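What the coordinates show
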Amino acid sequence: MRYEFVDDMKDMSPPLDMELIPVTQTVFAATGAGPSFSEDYMPVVFSTLADGTACVYVGMRATPKIA
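Read on for an overview of the structure.

Time to look at a nonpolar patch on the surface. A surface patch of nonpolar side chains, about 230 Å² in accessible area, is lined by Met 1, Phe 46 and Val 56. With respect to the helices and strands, the residue Met 1 is situated in the segment before strand E1 (2-3). With a relative accessible area of 32%, Met 1 lands in the partly exposed category.

Structure below.
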């Protein structure tokens with residue numbers, strides 16, 4: 001997956017290329033975006049709003065579940 005800011009925000013960060021590891025059918029753990037990640041994984045959630053609008057949430061931090 002490629003994540004990048006657009007329009008007036010495009011100078012905030014270079015594009016991030018990441019691999020998505022499935023956690024559920026709609027939740028993924030993104031990895032591989034290099035030094036732009038503050039942690040090893042970043043949550044990515046695909047969903048549809050009540051009005052039918054498709055959306056994706058790219059969070060800032062996620063960690064693997066331990067026991």
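Bridge count for strand E3 (residues 19-22) against strand E4 (residues 27-31) is four bridges, and the pairing is antiparallel. Paired with Pro 22 across the bridge in E4 is Phe 28. Where E3 hands over to E4, the hairpin turn is made up of four residues, counted between the paired strands. Pairing of E4 with strand E5 (residues 42-48) involves four bridges; the strand directions are antiparallel. By the bridge assignment for E5, Ala 30 is matched with Met 42.

Reading across the sheet, the four strands line up as E3-E4-E5-E6 and stay open at both edges, with antiparallel pairing between neighbours. The open sheet terminates on both sides in strands that have one partner only, identified here as E3 and strand E6 (54-58). Averaged over all pairs of adjacent strands, the angle between strand axes in this sheet comes to 30°, irrespective of strand direction.

A word on the packing of aromatic side chains. Following the criterion strictly, the structure yields one aromatic pair and no others. Considering the side-chain rings of Phe 28 and Phe 46, the 5.7 Å spacing of their centres and the 85° angle between planes classify their relative orientation as edge-to-face. One end of the pair, Phe 28, is in strand E4; the other, Phe 46, is in strand E5, with 18 residues separating them in the sequence. What makes Phe 28 buried here is its relative accessible area of 18%.

So, on to unusual backbone geometry. Excluding glycine, most residues fall at negative phi; most peptide bonds, likewise, are trans. Positive phi is not limited to glycine here, since Asp 7 has a value of about 55°. Position of Asp 7 among the secondary structure elements: in the loop between E1 and strand E2 (16-17). On the basis of relative accessibility, which here comes to 62%, the residue Asp 7 falls in the exposed class.

Listed in full, the seven residues of the largest apolar core are Leu 16, Met 18, Phe 28, Ala 30, Met 42, Val 44 and Val 58. Of all the secondary structure elements, the ones that give two or more residues to this core are E4 and E5.

Calculation criteria
- Each chain has its residues counted from 1, running along the sequence as written.
- Side-chain atom pairs in this predicted model are given and counted only at pLDDT of 80 or more, local residue features only at pLDDT of at least 70, and totals for whole chains, interfaces and linings cover all residues.
- Heavy atoms throughout the structure, all of them, feed into the side-chain values; hydrogens and water do not.
- Like-charged residues within 9 Å of one another, or nonpolar side chains (Val, Leu, Ile, Met, Phe, Trp, Tyr) within 5 Å, are grouped into patches, provided each residue has over 30% relative accessible area and no salt bridge.
- Areas reported as accessible are Shrake-Rupley estimates using a 1.4 Å probe. Residue values count occlusion only from the protein chains shown.
- Salt bridges, as used here, are contacts in which a Lys or Arg side-chain nitrogen is within 4 Å of a carboxyl oxygen on Asp or Glu.
- Helix numbering and strand numbering both begin at the N terminus, where a helix is a DSSP run of H or I of at least 4 residues and a strand a DSSP run of E of at least 2.
- Exposed residues in this analysis have more than 50% of their type's maximum accessible area, buried residues have under 20%, and partly exposed residues fall in between, with area computed by a 1.4 Å probe over protein chains only.
- Here the rule is simple: two strands pair whenever DSSP picks up at least two bridges between them.
- Fitted lines through C-alpha atoms give the axes, limited to the stretch in contact for helices. The angle between two N-to-C directions lies from 0 to 180 degrees.
- When two rings of Phe, Tyr or Trp (its six-membered ring) have centres within 6.5 Å they constitute a pair, described as stacked for plane angles under 30 degrees, edge-to-face for angles over 60, and tilted for the intermediate range.
- Only buried residues count toward a nonpolar core. Its members are Ala, Val, Leu, Ile, Met, Phe, Trp, Tyr and Cys residues joined through side-chain atoms within 4.5 Å.

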